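Chain by chain, the residues run as shown.
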Amino acid sequence: MVGFDDAIAHEVQKMDVCVLGKLEVASGGRMVHLGHPRQQVVIAALAANANSFVSVDELIERVWWESRPQRPRDALHSYISRLRRLLRAADAVTVDHQPGGYRLTVAAAHFDLARFRRNANHARTVSDGESLRLFDLALDEWRGEAFAGIDAPWLDVLRGQLAEERLGVFLDRNESALRLGRHANLLPQLIGYAERYPFDERVAGQLLMVLYRAGRQSEALNRYEKLRRALVKELGTDPGPSLQELYKRILSADPLLFGRATIPKATVRQLPTAPAVFVGRAKPLEQLTRVLLDSGVAGSCPIVVITGPAGIGKTWLGLRWAHDNLDRFPDGQMFLDLRGSNPAGPPITPELGLKALLSSLGVPQDARAPDLAAQAAHYRSALAGQRVLLVLDDVGSVDQVRPLLPGSDGCAVVVTSRAGLHELSVHEGAQPVRLSGMPHEEAIALFAKRLGGDTVAEATPWVERVVTDSLGVPLLLAQAAVRAFTLRASLAENRSKNSRPSPLADLLGRTRGALSARPAPIEQAGRVARRQLGPDRRRVEVRLTAEGSAAFERHASVKGRGATALLSVLTAEERQTLADLLRKLVVAAESGDGTATGG
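Analysis parameters
Residues numbered from 1 in each chain as written. Predicted model: local features only at pLDDT ≥ 70, side-chain atom pairs only at ≥ 80, totals over all residues. Heavy atoms only, no water. Helix = DSSP H or I, 4+ residues; strand = E, 2+ residues; numbered from the N terminus. Buried < 20%, exposed > 50% of the residue type's maximum accessible area, 1.4 Å probe, protein only. Contact = heavy atoms within 4.5 Å. Areas by Shrake-Rupley, 256 points an atom, 1.4 Å probe, with all protein chains shown as cover. Pairing = 2+ DSSP bridges. Axes fitted to C-alpha atoms, helices over the stretch in contact; angles between N-to-C directions. Salt bridge = Lys/Arg side-chain N within 4 Å of Asp/Glu carboxyl O. Phe/Tyr/Trp six-rings, centres within 6.5 Å; stacked < 30°, edge-to-face > 60°. Lys NZ or Arg CZ within 6 Å of the ring centre and 35° of its normal. Core = buried A, V, L, I, M, F, W, Y, C linked by side-chain atoms within 4.5 Å. pLDDT = per-residue confidence, 0-100. Expected span 1.5 Å × (residues − 1).

A. Summary view of the overall build of the protein chain. On a plain count of helices and strands, the protein chain comes out with 25 helices and twelve strands. Looking at the protein chain residue by residue over its 599 residues, the buried ones come to 51%. Long-range pairs, those at least 24 residues apart, make up 68% of the contacts in the protein chain with a sequence separation of at least 6. When the accessible surface of the protein chain is summed, it comes to about 26600 Å², and 52% of that surface belongs to carbon and sulfur atoms.

Here's what the structure looks like:
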């Protein structure tokens, strides 16, 4: 095994970064010792955003999520320096710096996640025989759970996204194998996935098909009945029409099920789990119901765009409404994360988005049209006459989402986006639902529910301050509750040792202090605004601080020409996005009393 200092003592021929399993770096075919757990979290934080810059503030939050050293920037710099020494002799992997952030640059050939995605995407463009080989190459990159062995809360969401991505590739691979009649080796893994994803009807349909082809008709029928009962009990709905049709064909021993391309389209149920803790938002929920269910125009597909800044609860609201209305969309519910503002990778292109949706609808690869416009038409035809809910999460632009919109009036679309997407309202009739910070009472209730209502009652003044510092932003409230839980465990341990009670007010005071140490919301708004500017306008530097709107006029510049010049180079949509951010967050900064210091 190669150590940190040993790694630069010999010439490195090749260096690989692997995250689809235990985090590993291999140098010249030998494993590199990555140091103690904190150093590994630093590497993971950069690898999770490979080839994209990660801000110093974000790195500090990821590395020291529970408690920070006195000088976190110096500590982070020390870790980065050691990592650079490790990579000094590598030509395929480097750590680059720019003011305020770092980037792990790694060639695609030397990064397992990039190889996985490249082979999977290529497999979806070729014939079944070749696609089977490429899908297998992609899946072979996985050695276990992504980033296994690294204990960091921020990785949980990314792990879930990568697991869903892996499942999609696995199921696409199975469809190719089934069309080729190569089902003999699919059963063990399908049984495992059916246990992990009990309500995924695409998994269930493939498992029923393989069991039937393996001569286990009665077991296939029993599994269908078990799934049907579970769906009725947990979701209040029956299996989708396509899975019901497959059941009838298995029951009648349809010989055509052994033929090529006879797999029926499964009813799609792709919604992520509903938010475990959800409080308030009654008015936005009513808006969604009014637009999506009660005010449909014949011949048109109702669309809602949930907008607001990062962490405000756009996805939570969309998922809460979707789960509350599953019975209104019996033909399926599709979910697609378009990664419009996700630092973990580039946004999903319309082409890749359509491929994913067509695959979910069971449209075979060799039956799909060659160009984007024809694929979009094929997609709309596949949805014609069906009642399907489509949730498009984290949309970055109108061009990204427009080809993905159904044409059927039985369907409905929920879009979440940090951008305004005003052109979608003008041309497609989308109705905006704009979210801001939660009302104070709802924010108190959310924080109390996350932390434990009985416990919160003993420290009401401090809870008030923590909630005020969080500006009613659900994500910040959740982070504050997580910090309080962590501190509460630490205080409980101290009490057991010292036999001295420590009130919750103490730990909430520490939580408030941790929130106050986060970047001011105006600065965060500036970072969001810069990310949302077009690539040809990156020269625009917007510095927003808690000094208020006068500071914006003083610091915003385009080659020194001031805020007026800044606004002159932005599109109408970009100006509206920036204005929305400023209007909410500058008011918070000007309210005084330190209430704008929370992140």
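Moving on from the model shown.
B. Broad picture of the sheet that holds strand β4 (residues 54-55). Spatially, β4-β6-β5 is the arrangement adopted by the three strands of the open sheet, whose pairing is antiparallel. Each having just a single partner strand, β4 and β5 (93-98) make up the two edges of the open sheet. Bridge count for β5 against strand β6 (residues 101-106) is six bridges, and the pairing is antiparallel. Across the sheet, His97 pairs through a bridge with Tyr102, a residue of β6. Sheet strands in contact with helix α3 (residues 72-87) are β5 and β6, and its direction is about 145° off that of β5.

C. Structural detail: the pattern of salt bridges. Inspection of the entire model under this criterion finds 26 salt bridges. For Glu165, the salt bridge is made with Arg339, and the minimal N-O distance between the two is 3.0 Å. Pair noted here: Glu165 is in helix α6 (residues 155-179) and Arg339 is in the loop between β9 (332-337) and α13 (350-360), with a separation of 174 residues, a long-range link. Take Glu165 and Arg339: they sit in the same class, and that class is buried.

D. Region of the structure containing the packing of aromatic side chains. Tallied over the full model, the rule gives six aromatic pairs. The structure contains a cluster of three or more aromatic residues connected by ring pairs, namely Phe170, Tyr193 and Tyr197. Sitting above the plane of the Trp154 ring, Arg62 keeps its charged end 4.6 Å from the centroid.

E. Main features of the pairing of strand β1 (residues 15-18). Side chains Met15 and Val17 of β1 all project onto a buried face; the interleaved residues Asp16 and Cys18 project onto the opposite face, where all are buried too. Bridging between β1 and strand β2 (residues 24-27) involves four bridges; their strand directions are antiparallel. Across the sheet, residue Asp16 finds its bridge partner in β2, namely Ala26. Here β1 folds back onto β2 in antiparallel fashion, the turn holding five residues, of which Gly21 has a positive phi close to 145°.

F. Main features of the nonpolar core. By size, the foremost hydrophobic cluster in this structure holds 82 residues, and its most contacted members are Val19, Leu76, Leu87, Phe116, Phe147, Ile150 and Ile250. At nine residues, α6 tops the list of elements feeding residues into this core. Contact partners of Leu87, with chain neighbours within four places excluded, come to Met15, Val93, Thr94, Val95 and Leu104.

G. View of the confidence of the model for the protein chain. Per-chain confidence: the protein chain averages 74 in pLDDT, with 71% of residues scoring 70 or above. Element-level mean pLDDT values for the protein chain span from 36 in helix α23 (residues 549-555) up to 92 in strand β11 (residues 412-417). Across residues 1-13, confidence stays below pLDDT 50; counting only partners more than four residues off in sequence or on other chains, it has 29 contacts. Throughout residues 516-575 the model reports pLDDT below 50, and contacts reaching past four residues in sequence, or to other chains, amount to 105 contacts.

H. Spatial organisation of α6. When the terminal C-alpha atoms of α6 are compared, their 36 Å separation across 25 residues agrees well with the 36 Å that a helix rising 1.5 Å per residue should span. Positive backbone phi, approximately 75°, marks Gly181, located one or two places after α6.

I. The sheet that holds strand β8 (residues 303-307), seen in detail. If you trace the six strands from one edge of the open sheet to the other, you get β7-β9-β10-β11-β8-β12, paired in parallel fashion. Looking at strand neighbours, the two that pair on one side only are β7 (268-269) and β12 (431-434), the edges of this open sheet. As judged from the five bridges shared by β8 and β11, these two strands associate in the parallel manner. Among the inter-strand pairings, Val305 is bridged to a residue of β11, identified as Val415.

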